[in-house]
Amino acid sequence: VCVCVCQVWEGKNIVKLVRMMLGETNPADSKPGSIRGDLCIDIGRNIIHGSDTVENAKTEVGLWFKAEEFVSYSPCAQPWIYE
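The structure presented is a predicted model; accordingly, all values stated were derived computationally and were not measured. (Residues numbered from 1 in each chain as written. Predicted model: local features only at pLDDT ≥ 70, side-chain atom pairs only at ≥ 80, totals over all residues. Heavy atoms only, no water.)

1. Quick notes on a nonpolar patch on the surface
Logical step 1: A grouping of Val-1, Val-3 and Val-5 is seen on the molecular surface, where their side chains present a nonpolar patch of about 410 Å² in accessible area.
Logical step 2: Tracing the chain through its elements places Val-3 in the segment before α1 (14–22). (Patch = residues over 30% accessible without salt bridge, like charges linked within 9 Å, V, L, I, M, F, W, Y side chains within 5 Å. Areas by Shrake-Rupley, 256 points an atom, 1.4 Å probe, with all protein chains shown as cover. Salt bridge = Lys/Arg side-chain N within 4 Å of Asp/Glu carboxyl O. Helix = DSSP H or I, 4+ residues; strand = E, 2+ residues; numbered from the N terminus.)

2. Some words on the environment of Thr-25
Logical step 1: Mapped onto the elements, Thr-25 comes out in the loop between α1 and α2 (35–39).
Logical step 2: For the pair Thr-25 and His-49, spaced 24 residues apart in sequence, the C-alpha to C-alpha distance is 8.7 Å.
Logical step 3: Each residue touching Thr-25, except ones within four places of it in the same chain, is listed here: Arg-19, Arg-36, Ile-43 and Asn-46. (Contact = heavy atoms within 4.5 Å.)

3. A closer look at the side chain of Arg-36
Logical step 1: Topologically, Arg-36 is positioned in helix α2.
Logical step 2: The buried charged residue Arg-36 lacks any salt bridge, with Glu-24 as its nearest oppositely charged partner at 7.1 Å.
Logical step 3: Within polar-contact distance, the side chain of Arg-36 engages the side chain of Asn-46 at 3.1 Å.
Logical step 4: Filtering out sequence-adjacent residues up to four positions away, Arg-36 remains in contact with Arg-19, Leu-22, Gly-23, Glu-24, Thr-25, Pro-27, Ser-30, Asn-46, Ile-48, His-49 and Gly-50. (Buried < 20%, exposed > 50% of the residue type's maximum accessible area, 1.4 Å probe, protein only. Lys, Arg positive; Asp, Glu negative; His and termini not counted. Polar contact = N/O pair within 3.5 Å; in protein donor to acceptor, adjacent residues only side chain to side chain.)

Pasting the structure below:
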């Protein structure tokens, strides 16, 4: 069984932060504690994907979602998180 869960995240430096959580494309180069570092073995059997640039993210988001499917909101903690 193959399950695909698509998500769109936003935030300051989000691409860089998510890439750190994912780990390197090659799981052997990934740090322990990252998703690929802990759960992957081969590049060809990678269990997770994340866009590597904002431009690529925009293209990839368009493959899965329509503009009207997004909801705009401001978290109540936003003033405590961002300057």
